[in-house]
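Here are the chains, one letter per residue:
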Amino acid sequence: MGKDVIIACDFSSKEETLAFLDKFSGKKPYVKIGMELFYAEGPAIVREIKARGHKIFLDLKLHDIPNTVKKAMAVLSRLDVDMVNLHAAGTRAMMEGALEGVTRPDGTRPLVIAVTQLTSTSQERMQEELLIDQPMDKTVMHYADNAAKAGLDGVVCSPMEAGKVHATCGDGFVTVTPGIRFADGDKGDQVRVTTPAQAKEIGSDYIVVGRPITGAADPVEAYERCVREFVG
Ligand code: C5P
């Protein structure tokens, strides 16, 4: 599995996003497009960034009945994106539907990655509101195992969980890990963070980095520092 740094392009408009990517003259970093940008600009922003030669992780976290997710995934797959995701809580039937929908007529498809429990959900909220009585780490690993059994390619998780996910689901099961900060950087609202070098050490396959790059005085240098530390 090729290790790579994915930049979270958490911008609210096309203008801001393209101005940011223009700074990378000649370089084509892997980018993550989330709900905010996608809902603001629609599929056109995906086509435009793809036409510029970037790989794209379309982070829309689908969760609906299997048939709806299957059809929605078919639409996203036609945008020629490289990675999509969904909530493992939608059940194995939904994940299997997603895989069917996402597979293109020529047999190719983007990587399909599951979200287990959002990192914004505490164990207490999970127990009291979702009535899930198991510890958080057991729940996360169980969801990851469901995703693997459904045939998905991997999960989004904390870099701290990447080693355990590989131990549970196999080394080929991809771990995509946000919560990355430089050793000398600001943590912001992230709690459980690692540096790019630590994420490499634990075995993450892809790191997702937002503000440490988008908010840096020199975003290109910050990106290159991530690549140096994580890919080597
Ligand atoms: O700016 P920062 O590096 O914290 O950005 C991390 C990105 O990863 C954001 O787009 C955030 O929504 C996303 N993410 C996360 N934690 C998760 C899932 C996604 O930080 N569990």
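Structure: above.
The model shown is predicted, which means the values in this text are computed figures rather than measured ones.

Visitor: Even after reading the chapter, I still don't get the sheet that holds strand β6 (residues 154-156), so can you show me in this structure?
Guide: Backbone hydrogen bonds hold the strands of a sheet together, and the pairing may be parallel or antiparallel. Reading around the circumference, β1-β2-β3-β4-β5-β6-β7-β8 is the order of the eight strands in this closed barrel, with parallel pairing throughout. For this sheet the average axis-to-axis angle between neighbouring strands, irrespective of direction, equals 25 degrees. In the sheet, strand β1 (residues 4-8) pairs with strand β2 (residues 30-34) via three bridges, with the strands oriented parallel. By the bridge assignment, isoleucine 6 is partnered in β2 with tyrosine 30.

Visitor: Help me out: how do you make sense of the pattern of salt bridges in this one?
Guide: Inspection of every chain in the model, using the stated rule, returns 18 salt bridges. Across the salt bridge formed by lysine 14 and glutamate 48, the nearest N and O atoms sit 3.3 Å from each other. Here lysine 14 is found in helix α1 (residues 14-22), whereas its partner glutamate 48 is found in helix α3 (residues 43-51), with 34 residues between them in sequence. On the basis of relative accessibility, which here comes to 31%, the residue lysine 14 falls in the partly exposed class. A residue is classified by how much of its surface remains accessible, and glutamate 48, at 30% relative accessible area, is partly exposed. Residues aspartate 184 and arginine 225 are paired through a salt bridge, measuring 3.3 Å at the closest nitrogen-oxygen approach. Of the two residues, aspartate 184 sits in the loop between β7 (174-177) and α9 (196-202) while arginine 225 sits in helix α11 (residues 219-230), which places them 41 residues apart along the sequence. Relative accessible area serves as the criterion here: at 25%, arginine 225 is assigned to the partly exposed category.

Visitor: I keep staring at α1 and nothing clicks. Help me out?
Guide: An α-helical turn contains 3.6 residues, so a residue and the one three or four places further along point in the same direction. Restricting attention to buried positions, one finds in α1 the residues Thr17, Leu18, Phe20 and Leu21. Taken end-on, α1 shows its buried residues confined to a sector of 155 degrees, consistent with a single buried face. On its buried face, α1 sits against β1, β2, α2 (35-41), α3, α10 (211-214) and α11.

Visitor: How do you make sense of the site of the ligand when you look at a structure like this?
Guide: Lining the immediate surroundings of the ligand are Ala8, Asp10, Lys32, Thr119, Pro178, Arg181, Gln190, Val208, Val209, Gly210, Arg211 and Pro212. Contact distances for the ligand include 2.9 Å between a nitrogen atom and a side-chain N or O atom of threonine 119. Here an oxygen atom of the ligand and a side-chain polar atom of arginine 211 are 2.7 Å apart. Here the ligand, which alone exposes 460 Å², has 82% of that area covered by the protein. When contributions to the shell around the ligand are tallied by element, the ones reaching two or more residues are β8 (206-209) and α10. Across the shell around the ligand, the residue classes tally to five nonpolar, three polar and four charged.

Criteria and cut-off values
- Within each chain, residue numbers correspond to sequence positions counted from 1 in written order.
- In keeping with the predicted nature of the model, local features appear solely for residues at pLDDT of at least 70, side-chain atom pairs appear and are counted solely at 80 or more, and the whole-chain, interface and lining totals rest on all residues.
- Excluding hydrogens and water, the side-chain values take into account all heavy atoms of the structure.
- The pairing criterion for strands is at least two bridges between them, as found by DSSP.
- Runs of E in the DSSP output that reach at least two residues are strands. Runs of H or I that reach at least four are helices, and both are numbered from the N terminus.
- Simply put, an axis is a line fit to the C-alpha atoms, just over the touching stretch for a helix, and the angle between two N-to-C directions goes from 0 to 180 degrees.
- Definition used for salt bridges: Asp or Glu carboxyl oxygen within 4 Å of a side-chain nitrogen of Lys or Arg.
- Residue exposure (1.4 Å probe, protein chains only): buried if accessible area is under 20% of the type maximum, exposed if over 50%, otherwise partly exposed.
- Note that the arc is defined by the directions from the helix axis to the C-beta atoms.
- Any two residues having at least one pair of non-hydrogen atoms within 4.5 Å are treated as being in contact.
- Only a single heavy atom is needed: when it lies within 4 Å of a molecule or strand, its residue is near that molecule or strand.
- Polar contact criterion, stated in full: a pair of N or O atoms within 3.5 Å, where within protein one must be able to donate a hydrogen and the other to accept it, and residues adjacent in sequence count only if both atoms are side-chain atoms.
- In these tables, accessible area is a Shrake-Rupley quantity obtained with a 1.4 Å probe, and a residue counts as shielded only by the protein chains included in the view.
- Gly counts as polar in this scheme, as do all residues outside two lists: the nonpolar Ala, Val, Leu, Ile, Met, Phe, Trp, Tyr, Cys and Pro, and the charged Asp, Glu, Lys and Arg.

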